[in-house]
Amino acid sequence: ISRCLITRLHAGGMNAPPPIVSRIFQEISNGLLAYNGATKMKEIPMPFAYVQFNALLLILFISLIAPIGISSFTLGSGELDDSPLVILIMVFVTML
C-alpha cells in the first residue's frame, strides 16, 4: 500500500499538502503495528493452567455468584419476583 501511494504521489496523481500525506503514512504505520500486535497475541498460546483456572472461575460465577446476586436484588421487590422460576429466567437471560 505504501509503495502504491508513493508511486501515485510521484506520478502527480495525488495533490495533497505534505502534512496530509505524512498523516496517511502515519496511519498506515499505526494499522500495521496494530495488526502485528494482534498476530503476536494469536500466535502465542495461553498456558494450560491459566485457561483451566479461568474456566473454573467462569463456572463458579455462572453457578453460584450470579444467582445469589440476582436473587438478592429480586427478592421482596414485587409479587412475581419471589418466584425461583423468575430468578432462574433472569440468570439465564443475564448469562446469554
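These remarks concern the structure in this document. (Residues numbered from 1 in each chain as written. Predicted model: local features only at pLDDT ≥ 70, side-chain atom pairs only at ≥ 80, totals over all residues. Heavy atoms only, no water.)

### Considering the overall build of the protein
Here is the rule we go by: Helix and strand labels come from DSSP, where a helix needs a run of H or I of at least four residues and a strand needs a run of E of at least two; each type is numbered from the N terminus. The classification of residues rests on relative accessible area computed with a 1.4 Å probe and restricted to protein chains. Under 20% of the type maximum is buried, over 50% is exposed, and intermediate values are partly exposed. Residue contacts are defined here by distance: any two heavy atoms, one from each residue, within 4.5 Å place the two residues in contact. Computed with a 1.4 Å probe, the accessible areas rest on the Shrake-Rupley method; for each residue, only the protein chains presented here act as cover.
Counting its secondary structure elements, the protein contains 4 helices and 0 strands. Mapped in sequence order, the helices and strands of the protein form the string α-α-α-α. Taking all 96 residues of the protein together, 9% fall into the buried category. Summarising the internal contacts of the protein: among those between residues at least 6 apart in sequence, 24% fall at separations of at least 24. On the protein, roughly 8100 Å² of surface is accessible, and the fraction owed to carbon and sulfur atoms is 72%.

### Topic: the environment of Phe61
As for its position among the elements, Phe61 is in helix H3 (residues 48-74). Judged by relative accessible area, which is 37%, Phe61 ranks as partly exposed. Residues Phe61 and Met95 lie 34 residues apart in sequence; the distance between their C-alpha atoms is 9.8 Å. Other than its neighbours up to four places away in sequence, Phe61 contacts Ala66, Pro67 and Met95.

### Some thoughts on the packing of helix H1 (residues 2-11) against helix H2 (residues 18-43)
Just so we agree on the cut-off: An axis is simply a line fitted to the C-alpha atoms; with a helix, the fit covers only the stretch in contact. Between two such axes, the angle follows the N-to-C directions and lies from 0 to 180 degrees. Each angle is binned into one of four classes, with values under 35 degrees roughly parallel, values over 145 roughly antiparallel, values of 65 to 115 roughly perpendicular, and all other values oblique. In the scheme used here, Gly and all other residues not listed as nonpolar or charged are polar, with Ala, Val, Leu, Ile, Met, Phe, Trp, Tyr, Cys and Pro taken as nonpolar and Asp, Glu, Lys and Arg as charged.
At a closest axis distance of 11 Å, the pairing of H1 and H2 adopts a crossing angle of 170°. Classified by the interaxial angle, the pair formed by H1 and H2 is roughly antiparallel. The residues of H2 that touch H1, namely those facing Ser2, Leu5, Ile6 and Leu9, are Val21, Ile24, Phe25 and Ile28. Grouping the constituent residues of the contact of H1 with H2 by class yields 7 nonpolar, 1 polar and no charged.

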